[in-house]
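# Descriptive structure summary
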Amino acid sequence: MTDQVIRGYLILGCMDYIDSFDEQRRERVYSSLPSGVSRNRDAYDKMLWYPLKTISGYYSAIANQHADDDAKAYEAMLQCGRFIAEAATNTFLKLLMRIMTPAVFGKKAPDLWARDHRYGRMEAESTYLRDNHLIVRLHDVDGYEHAGPVAAGFAMFALKAVGASDIDVKVSDWSMKAPAPAQVKIDLKWK
């Protein structure tokens, strides 16, 4: 195993999202993948490790469909994160989600990141959890394109699955002009 790798289920969840598109849009995304990044689902195993450039290629292919509109690209990446979280909760997180609360998710989020990424690190500020407020920071993620809004979408799905409602999320330091900043702040509030 080398540095800068991610688990295969992230790629497969991303592919599930792309496969939910209409045929024309789906083909545009797949055809815009960088060379060397397979679009064949059989090339990936959910628990094996793959180079970071693979998932970044997928995320960029999705986001670049909205290259001139940060809001649409942001929403697309949130949705991608939700699809990835859904794939995760149908597998390894299924049992954990049954007993988890939003506060426990907030405390465990960095462990979930570390389980599936050998790149960057996640830190969660649990100080405000009693007020239904979680601040998550991604550190050392430069080069990991669109990681911020995808992680935010994952968190939104997970929080909703464990009982949170009316979730509001804001991602700082990310944009289409700066899709891979070194640090990202994700601010989540819910009822």
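Residues numbered from 1 in each chain as written. Predicted model: local features only at pLDDT ≥ 70, side-chain atom pairs only at ≥ 80, totals over all residues. Heavy atoms only, no water.

## Side note on the overall build of the chain
Helix and strand content of the chain: seven helices and six strands. Going residue by residue from the N terminus, the α and β elements of the chain occur as β-α-α-β-α-α-α-α-β-β-α-β-β. With the C-alpha coordinates aligned to their principal axes, the bounding extent of the chain is approximately 45 × 35 × 30 Å. When each of the 191 residues of the chain is scored for burial, the buried share is 50%. Nonlocal contacts in the chain, meaning residues at least 24 apart in sequence, comprise 68% of its contacts between residues at least 6 apart. Across the chain, 25 positive and 25 negative side-chain charges occur, with their mean positions spaced 5 Å apart. (Helix = DSSP H or I, 4+ residues; strand = E, 2+ residues; numbered from the N terminus. Buried < 20%, exposed > 50% of the residue type's maximum accessible area, 1.4 Å probe, protein only. Contact = heavy atoms within 4.5 Å. Lys, Arg positive; Asp, Glu negative; His and termini not counted. Charge placed at Lys NZ, Arg CZ, Asp CG, Glu CD.)

## Focus: the packing of helix α1 (residues 8-19) against helix α3 (residues 52-63)
Two elements in contact, α1 and α3, have axes separated by 10 Å at closest approach and are oriented at 20°. With respect to each other, α1 and α3 are oriented roughly parallel. Helix-helix and strand crossings are classified by hand; for α1 and α3 the assignment is left-handed. For the pair formed by α1 and α3, the contact residues are Leu-10, Ile-11, Cys-14, Met-15, Tyr-17 and Ile-18 on the first element and Thr-54, Ile-55, Tyr-58, Tyr-59 and Ile-62 on the second. (Axes fitted to C-alpha atoms, helices over the stretch in contact; angles between N-to-C directions. Parallel < 35°, antiparallel > 145°, perpendicular 65-115°, else oblique. Left-handed = near helix turned anticlockwise from the far one by under 90°.)

## Quick look at the packing of aromatic side chains
Any two aromatic rings considered together are summarised by their centre-to-centre distance and by the angle between their planes. The full count for this structure, using the stated rule, is eight aromatic pairs. Taking 5.2 Å as the distance between ring centres and 75° as the angle between the ring planes, the aromatic pair formed by Tyr-44 and Tyr-50 counts as edge-to-face. Among the residues examined, Tyr-44 registers a relative accessible area of 11% and is labelled buried. Over the ring of Phe-21 we find Arg-25; its NZ or CZ atom is 3.7 Å from the centre of that ring. (Phe/Tyr/Trp six-rings, centres within 6.5 Å; stacked < 30°, edge-to-face > 60°. Lys NZ or Arg CZ within 6 Å of the ring centre and 35° of its normal.)

## What to know about the nonpolar core
Tyr-58, Tyr-144, Ile-186 and Leu-188 are the most contacted members of the largest nonpolar core, which totals 65 residues. Once you skip the residues sitting within four places of it in the chain, Tyr-58 turns out to touch Ile-11, Cys-14, Met-15, Ile-18, Tyr-30, Leu-33, Val-37, Ser-38, Arg-39 and Tyr-44. (Core = buried A, V, L, I, M, F, W, Y, C linked by side-chain atoms within 4.5 Å.)

## What to know about the environment of Ile-11
Mapped onto the elements of the fold, Ile-11 is located in helix α1. The exposure class of Ile-11 is buried, given its relative accessible area of 0%. When the C-alpha atoms of Ile-11 and Asn-40 are compared, they prove to be 11 Å apart, with 29 residues separating the residues in sequence. Setting aside anything within four residues of it in sequence, one finds Ile-11 in contact with Ile-6, Tyr-44, Tyr-50, Thr-54, Ile-55 and Tyr-58.

## Describing unusual backbone geometry
Residues other than glycine seldom take positive phi values, yet Gln-4 does so here, at roughly 60°. The topology assignment puts Gln-4 in the segment before β1 (5-7). By relative accessible area, which is 42% here, Gln-4 ends up partly exposed. Not every positive phi belongs to a glycine, and Asp-140 is a case in point at roughly 60°.

## Quick notes on the sheet that holds strand β3 (residues 121-125)
Strands sit in the order β3-β4-β6-β5 across an open sheet of four strands; the sheet is antiparallel. Two strands in the sheet have a free side with no partner beyond their single neighbour: β3 and β5 (168-172). Sheet twist, expressed as the mean angle between neighbouring strand axes with direction ignored, is 15°. Sheet topology places β3 next to strand β4 (residues 133-139); five bridges connect them, and they run antiparallel. In the strand pairing of β4, Ala-124 is matched with Val-136. The sheet strands contacting helix α6 (residues 102-116) are β3 and β4, and the helix crosses β3 at an angle near 180°. (Pairing = 2+ DSSP bridges.)

Remember that the coordinates give geometry; whether it matters functionally is a separate question.
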